[in-house]
Amino acid sequence: YYAPIGAVAAVAAIVAIIYTTPGPAPRSEDLRHAAEQAERSHSMRYVRLAERGDVNAQFRLGVMYRDGIDVIQDDAKAVYWFRRAAQARHPDAQYYLGMAYHEGRGVLQDFTEAVKWFSSVSEEGHAGAQYQLANMYRKGEGVAADNMRAYIWFNIAAAQGNREAAIARDSIAATSAARATSAT
């Protein structure tokens, strides 16, 4: 994680004012308070943009709430902002919303809903969602188990450089070849 230049500049300005103001040296709690104020103003900027419909700000707020960056960690709020951005077809928001449903993080676990979001963004070329969708087909989570579809989605994700997908695809191929050999 990196702090945006604006937030860094705000903290630097506050620290400079504190250090150049005549009087006793600043206490660490003063510096911590100044940093917290800068972080709050940074997160409030995203809230204002998100509430006005900025899809990227909605996604960013989802990440901030999911990971507790500049805000108190809150999975339900993360899902709320991911959903708003996902409904506007933000690909990473769709992926993270699918992950929330898959893991039951901020929502009740719902594999069918996870498949819905992973499928939507997989069609758009999101390698992470393609990998997750393939795993769900392989395990029969939210869909009927289907190694052929799992193989296809693993292969598509692998073609985009997803190493885990390539390993899983090759495992399915090896298992299928072993079954074919033993059947003869």
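Starting from 1, residues in each chain are numbered consecutively following that chain's sequence as written. In view of the model being predicted, local features appear only for residues whose pLDDT reaches at least 70, and side-chain atom pairs are presented and counted only at 80 or more, with totals across whole chains, interfaces and linings using the full set of residues. To obtain the side-chain values, all non-hydrogen atoms of the structure were used and water was disregarded.

Q: Mind showing me how you'd approach the pattern of salt bridges here?
A: Side chains that differ in charge, positive against negative, can pair when their charged atoms come close. Throughout this description, the term salt bridge denotes a Lys or Arg side-chain nitrogen within 4 Å of a carboxyl oxygen of Asp or Glu. On inspection of all chains with the given rule, the structure shows six salt bridges. Here Lys116 ties to Glu113 by a salt bridge, and the two come within 3.2 Å at their closest N and O atoms. You can see Lys116 and its partner Glu113 sitting in helix α6 (residues 111-122), three residues apart, about one turn around the helix. The exposure class assigned to Lys116 is partly exposed, which follows from its relative accessible area of 45%. Exposed residues in this analysis have more than 50% of their type's maximum accessible area, buried residues have under 20%, and partly exposed residues fall in between, with area computed by a 1.4 Å probe over protein chains only. Look at Glu113 and you get buried, because its relative accessible area is 19%. Between Arg149 and Asp146 there is a salt bridge, with its nearest N and O atoms 3.6 Å apart. Judged by relative accessible area, which is 44%, Arg149 ranks as partly exposed. For Asp146, a relative accessible area of 25% puts it in the partly exposed group. Numbering goes from the N terminus for both helices and strands, where a helix is a DSSP run of H or I of at least four residues and a strand is a run of E of at least two.

Q: Would you take a moment to explain the nonpolar core for this structure?
A: Nonpolar side chains tend toward joint burial in soluble globular proteins. To form a nonpolar core, buried Ala, Val, Leu, Ile, Met, Phe, Trp, Tyr and Cys residues must be joined to one another through side-chain atoms within 4.5 Å. Leu61, Leu97, Phe118 and Phe154 are the most contacted members of the largest nonpolar core, which has 45 residues in total. Elements supplying a minimum of two residues to this core: α2 (28-51), α3 (55-67), α4 (75-87), α5 (91-103), α6, α7 (127-139), α8 (147-159) and α9 (163-183). Residues contacting Leu61, with those up to four places away along its chain left out, are Ser43, Tyr46, Val47, Ala50 and Trp81. In this analysis, two residues are considered to be in contact whenever any of their non-hydrogen atoms come within 4.5 Å of each other.

Q: How should I be thinking about the packing of α4 against α5 in this particular structure?
A: To characterise two packed helices, one gives the angle between the axes of the helices and the distance between these axes. Lines fitted to the C-alpha atoms define the axes, with helices restricted to the stretch that makes contact. Angles between their N-to-C directions range from 0 to 180 degrees. Direction vectors running N to C along α4 and α5 enclose 135 degrees, while the axes themselves pass 8 Å from each other. Comparing their axes, α5 and α4 come out oblique. In terms of crossing hand, the pair formed by α4 and α5 is left-handed. Only Ala93, Gln94, Tyr96, Leu97, Ala100 and Tyr101 of α5 make contact with α4, whose side of the interface consists of Val79, Phe82, Arg83, Ala85 and Ala86. For classification, angles of less than 35 degrees are called roughly parallel, those exceeding 145 degrees roughly antiparallel, those between 65 and 115 degrees roughly perpendicular, and all remaining angles oblique. By definition, turning the near helix anticlockwise from the far helix through less than a right angle yields a left-handed crossing, and turning it clockwise yields a right-handed one.

Q: In this structure, what is going on with the packing of α5 against α7? I would like to understand it.
A: Relative orientation of the contacting elements α5 and α7 amounts to 30 degrees, with a least axis distance of 10 Å. Classified by the angle between their axes, α5 and α7 sit roughly parallel to one another. Helix-helix and strand crossings are classified by hand; for α5 and α7 the assignment is left-handed. Across the interface between the two elements, Tyr95, Met99 and His102 from α5 touch Gly128, Ala129, Gln132 and Met136 from α7. Any residue that is not Ala, Val, Leu, Ile, Met, Phe, Trp, Tyr, Cys, Pro, Asp, Glu, Lys or Arg is counted as polar, Gly included; the first ten are nonpolar and the last four charged. For the contact of α5 with α7, the class distribution of residues is four nonpolar, three polar and no charged.

Q: Before we go on, may I ask you to explain the environment of Asn155 in this structure?
A: As for its placement among the helices and strands, Asn155 is situated in helix α8. When its relative accessible area of 32% is taken as the criterion, Asn155 is described as partly exposed. Linking Asn155 and Ala165, residues ten residues apart in sequence, is a C-alpha distance of 6.8 Å.

Q: Sorry, what's going on with α3 here?
A: Note that an α-helix has 3.6 residues per turn; residues three or four places apart therefore point the same way. Helices are assigned an expected span. That span is 1.5 Å times one less than the residue count. With 13 residues, α3 ought to run about 18 Å at 1.5 Å a step, and its terminal C-alpha atoms sit 18 Å apart, in line with that. Burial in α3 covers these residues: Ala57, Gln58, Phe59, Leu61, Gly62, Val63, Met64, Tyr65 and Arg66. Of the residues that open α3, the one with a side-chain oxygen 3.0 Å from the backbone nitrogen of Asn56 is Asp54. Within two residues after α3, Gly68 carries a phi angle of roughly 70 degrees, on the positive side. Polar contact is the term for a pair of N or O atoms within 3.5 Å; when the atoms are in protein, one must be able to donate a hydrogen and the other to accept it, and sequence-neighboring residues count only if both atoms are side-chain atoms.

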